[in-house]
2 protein chains.
Amino acid sequence: MTKPRSRRGGGRPTISDVARKAGVGAITVSRALREPGRVSEELRRQIQAAIGELGYVPDPNARALASARAEVFGVLVPSLTNNVFAEVVRGIYDSLSDGPFRVQLGNTHYSGLEEERLLQVFGPQRPAALIVAGIDQTQTSRRLLETSGCPVVQVMETGPDPVDMMVGFSHLDGGRAATEHLIEAGYRRIGFIGARMDPRSQRRLAGYRAAMEKAGLFDPRLITTTPLLSSVPLGREMFRDALAKMPALDGVFCNNDDIALGVLFECHRAAIAVPQTMGIVGFNDLDMMQVAFPSITSVRTHRYEIGRRSVGMALAAIAGERPEQRVVDLGFELIPRESTAR
Amino acid sequence: MTKPRSRRGGGRPTISDVARKAGVGAITVSRALREPGRVSEELRRQIQAAIGELGYVPDPNARALASARAEVFGVLVPSLTNNVFAEVVRGIYDSLSDGPFRVQLGNTHYSGLEEERLLQVFGPQRPAALIVAGIDQTQTSRRLLETSGCPVVQVMETGPDPVDMMVGFSHLDGGRAATEHLIEAGYRRIGFIGARMDPRSQRRLAGYRAAMEKAGLFDPRLITTTPLLSSVPLGREMFRDALAKMPALDGVFCNNDDIALGVLFECHRAAIAVPQTMGIVGFNDLDMMQVAFPSITSVRTHRYEIGRRSVGMALAAIAGERPEQRVVDLGFELIPRESTAR
DNA sequence: TCCAGGGATGGTAGCGCTACCATGACGTAG
DNA sequence: CTACGTCATGGTAGCGCTACCATCCCTGGA
């Protein structure tokens, strides 16, 4: 006869406290919580009352251990401060805040190795679903995702070969649309400025290149890139570099809006007339683009919606519903503004 | 004789698989992982080899259940997209990425009730530490924090009565410094523009008011606020409202940099000369402030460092070290720029 | 009247790990 | 040589919950 380990939990009520108080078996309490339909209304009421009185909250760790399935969504993004991913993450959190699911957020810092490490750590947690940014996982990561035993949603991009599901849009098409817009507006020596050239940026650049080549305007010297993290100050600097390299530049497609804003400010500072002497197009359409002076043309992407949809698809898959389509393209919209209204 | 529940985990290796392979007891494997010093070097080597071969990763749920302590930092912030909190969160993630701790992030949406709900949910998880934004918790939240049985760090602000520890700075002093700077620069009819007036914004406003009253310049009509979420477009709108109400305005202290940027753009649009006709001061010193044209005076705050310090203090407390000081004031710096260089 | 079938409820045995204590080997003091 | 501590290691019994099966009761058809 050993005394029970002195409530290491610190005295929080457990499911059997609730069961005792309600005069039922522990398993019935468990069921009342998870499958209320299978418990008679009377017992359900008693149990609810006991839960309220005791302030019982189920222990997610015990639950995960017993059911071999944690109520956790694993989410992997390359950056927490980049507005783009912050919006996706916000959409995910908002969609999940009602239900029982928690979010386990991992920051890969744009590193494939770090992504592998985080997936390795997520594994034993047995998440209910995994949401990962991008479609360029390493082989190891892909295998970890495939063997995770849970729905997987790749977000931000669409591509031909989903691990499971995808929500995003075509960055290549976005880059092409932005560039074509500049060409149609009459710009000719159009530069590309891009920081932190991750795979999505690479594809936007490919879209730029396709459009420029098609118009017979392509010149490699028009391209300015850096592996550094994107920022407004960096946008300004890169624009100055681009101009130094190519003084005849008359337009720029910026890899994102931060860069575009940096370009705009430098134009002000150097008294370069926008849109007359220089056309500017950004990417993502942060809300400041519409307010900037002059307002900046940008490619609007649906980040928040991507977050919401990814959760919706994952939840459907958890519920056993076959998705009508495994790859959802949410598209983008080019929003023409003053910065290209020559 | 019942057959074991058919490996619900899906075949992941467990600690006893490792123990068997290494020819030791399960508990020794557990110790080798958590207190390597207490296991002989030879066994440690064998165990590490077995772990490597099997690809064993400990199950955090089982660990948390058995030890009544999860390797989780609970983090509560009011917003995920606001750059300010994103930076704090980034500091937290970066400081924690080496160690065994995971982060459980909660978004309170600036709601005290939501904060209570999230703390309620964190409770049974038995986190290793809690980091919460702000110092204005509800009574219920405060009690939940006090009874959490783990180190608690309140971040972003300092105040007189910490639940446990605090890292931040004085928003009141920051607001006052910004306003005094405008007064010293010769501005007189200085407005305050603030969106989403959370407690920190309120204290910046109080600092503004104190400075204005001291200088004999205070007038309630100079204040323009809204409960709406802050954004650049909103900054522009509010500035127009403020001007309509008070056409003689010659300066504005903006509750944050988004608002300040909106004001700057509207000045361009309305051909109001900055800094001659209008002085502008922001708050937080986002990196775009230094690049804006004209560059914008702002109050630099140390968000990333706040995140790092909060983790450092919590880790020290977990390790049983008494902190030399429970309240750490990281201060702020007023960065004068062109927007107030009359 | 009896029995099959289905719904509500409960008991038992784990999930994978660690706290707690026991054990045995060794060293040191007396 | 004995007594006793110390160190490395292991066994056992849970942590709080749920999967799986057993049991019980009620209903309805033969």
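*Asks:* Requested: an account of the interface of chain A and chain B, with residues and values cited.
*Replies:* Every contact between the two is made by 56 residues of chain A and, on the other side, 56 residues of chain B. Approximately 4900 Å² of surface area, both sides summed, lies buried where chain A meets chain B, with 58% of it carried by carbon and sulfur atoms. At the boundary of chain A with chain B, the tally comes to two salt bridges. Across the pair R269 of chain A and E338 of chain B runs a salt bridge, and its minimum N-O distance is 3.3 Å. At the boundary of chain A and chain B, one finds twelve residue pairs in polar contact (both at pLDDT 80 or more). Here the residues of the side of chain A that touches chain B sort into 26 nonpolar, 16 polar and 14 charged.

*Asks:* Kindly report on the environment of T301 of chain A, identifying the contributing residues and their values.
*Replies:* All names here are of chain A. In this structure, T301 sits in strand β10 (residues 297-301). For the pair T301 and G149, spaced 152 residues apart in sequence, the C-alpha separation works out to 31 Å. In contact with T301, other than residues within four places in its own chain, are F169, F283, N284 and F332. Within polar-contact distance, the side chain of T301 engages the side chain of N284 at 3.0 Å.

*Asks:* I'd like a rundown of the packing of helix α5 (residues 83-96) of chain A against helix α12 (residues 303-318) of chain A, residues and numbers included.
*Replies:* Residue and element names in this part refer to chain A. At their nearest, the axes of α5 and α12 sit 7 Å apart, and the two run at 40° to each other. If you check the angle between α5 and α12, you find them oblique. Judged by the sense of rotation from one axis to the other, the crossing of α5 with α12 is right-handed. Packed against α5, whose contacting residues are N83, V84, E87, V88, R90, G91, I92, D94, S95 and L96, the element α12 presents R303, Y304, G307, R308, S310, V311 and L315 at the interface. Along the lines of polarity and charge, the residues of the contact of α5 with α12 split into seven nonpolar, five polar and five charged.

*Asks:* Before we move on, could you go through the sheet that holds strand β3 (residues 129-133) of chain B and cite the residues and values that matter?
*Replies:* Residues and elements named next belong to chain B. One open sheet accounts for six strands, arranged β2-β1-β3-β4-β5-β11; its pairing is parallel. Each end of this open sheet is capped by a strand with a single partner; those strands are β2 (102-107) and β11 (327-329). Strand after strand, the sheet turns through a mean of 15° between neighbouring axes, direction not considered. As judged from the six bridges shared by strand β1 (residues 72-77) and β2, these two strands associate in the parallel manner. In the strand pairing of β2, V77 is matched with N107.

*Asks:* Go over the pairing of strand β4 (residues 152-157) of chain B with me, naming the residues and quoting the values.
*Replies:* Two faces belong to every sheet, and in a regular strand the side chains alternate between them. Residue and element names in this part refer to chain B. Within β4, six of the six residues are buried, which leaves it mostly tucked inside the rest of the structure. Sheet topology places β3 next to β4; four bridges connect them, and they run parallel. Across the sheet, residue I131 finds its bridge partner in β4, namely V153. Tracing the backbone out of β3, into helix α7 (residues 139-146) and back to the parallel element β4 gives a crossover that is right-handed. Bridge analysis of β4 against strand β5 (residues 165-169) gives five bridges, and the strand direction is parallel. Within β5, the position partnered with V153 by the bridge is M165.

*Asks:* I'd like a rundown of the pairing of strand β3 (residues 129-133) of chain A, residues and numbers included.
*Replies:* Residue and element names in this part refer to chain A. β3 sits mainly inside the fold: five of its five residues count as buried. Alternating positions in β3 separate into two faces, A129, I131 and A133 on one and L130 and V132 on the other, with burial throughout. Examined bridge by bridge, strand β1 (residues 72-77) and β3 share four bridges and lie parallel to one another. Opposite L76, over in β3, you have V132 as the bridge partner.

*Asks:* Give a description of the packing of aromatic side chains that names residues and reports values.
*Replies:* Aromatic ring pairs are defined here through the distance separating the ring centres and the angle between the ring planes. In total, this model carries 13 aromatic pairs over all chains according to the counting rule given. Between F169 of chain A and F332 of chain A, the aromatic rings sit 6.5 Å apart at their centres with planes inclined by 65°, giving edge-to-face as the arrangement. One end of the pair, F169 of chain A, is in strand β5 (residues 165-169); the other, F332 of chain A, is in strand β12 (residues 332-335), and 163 residues separate them in sequence. On the basis of an interplanar angle of 70° and a centroid distance of 5.1 Å, the ring pair of F73 of chain B and F101 of chain B is categorised as edge-to-face. Taken as a pair, F73 of chain B in strand β1 and F101 of chain B in the loop between α5 (83-96) and β2 lie far apart in primary sequence, 28 residues in all.

*Asks:* Which residues make up the packing of helix α1 (residues 15-22) of chain A against helix α2 (residues 26-34) of chain A, and what are the values?
*Replies:* Residues and elements named next belong to chain A. Closest axis-to-axis distance for the α1/α2 pair is 8 Å, and the angle between their directions is 100°. Taken together, the axes of α1 and α2 are roughly perpendicular relative to one another. Of the residues in α2, those touching α1 at I15, V18 and A19 are A26, V29 and S30. Grouping the amino acids of the contact of α1 with α2 by side-chain chemistry returns five nonpolar, one polar and no charged.

*Asks:* Can you break down the domain arrangement of chain A residue by residue, with the values?
*Replies:* Residue and element names in this part refer to chain A. If you check the domain split of chain A, you get domain 1 (15-58), domain 2 (69-170 + 303-332) and domain 3 (171-300 + 334-340). Just the C-alpha atoms count here: the centres of domain 2 and domain 3 sit 29 Å apart. Facing the 15 residues of domain 2 at the interface are 18 residues of domain 3. In terms of surface lost to domain 3, no three residues of domain 2 exceed Y110, S170 and F332, which account for 44% of the buried area on that side. Summed over the shared surface of domain 2 and domain 3, the number is three salt bridges. Of the charged contacts, one joins R203 and D136 as a salt bridge, the two residues approaching to 2.5 Å between their closest N and O atoms. Viewed at the interface, domain 3 and domain 2 are joined by ten residue pairs in polar contact (both at pLDDT 80 or more). Elements represented by at least two residues in the side of domain 2 that touches domain 3 include exactly α5 and β4 (152-157). The leading source of residues in the side of domain 2 that touches domain 3 is α5, at three residues.

About the thresholds
- Residues numbered from 1 in each chain as written.
- Chains lettered and ligands numbered in written order.
- Predicted model: local features only at pLDDT ≥ 70, side-chain atom pairs only at ≥ 80, totals over all residues.
- Heavy atoms only, no water.
- Contact = heavy atoms within 4.5 Å.
- Buried area = accessible area lost by both parts, 1.4 Å probe.
- Salt bridge = Lys/Arg side-chain N within 4 Å of Asp/Glu carboxyl O.
- Polar contact = N/O pair within 3.5 Å; in protein donor to acceptor, adjacent residues only side chain to side chain.
- Nonpolar A, V, L, I, M, F, W, Y, C, P; charged D, E, K, R; others polar.
- Helix = DSSP H or I, 4+ residues; strand = E, 2+ residues; numbered from the N terminus.
- Axes fitted to C-alpha atoms, helices over the stretch in contact; angles between N-to-C directions.
- Parallel < 35°, antiparallel > 145°, perpendicular 65-115°, else oblique.
- Left-handed = near helix turned anticlockwise from the far one by under 90°.
- Pairing = 2+ DSSP bridges.
- Buried < 20%, exposed > 50% of the residue type's maximum accessible area, 1.4 Å probe, protein only.
- Right-handed = clockwise from strand over helix to strand, strands pointing away.
- Phe/Tyr/Trp six-rings, centres within 6.5 Å; stacked < 30°, edge-to-face > 60°.
- Domains from an automatic or database assignment.

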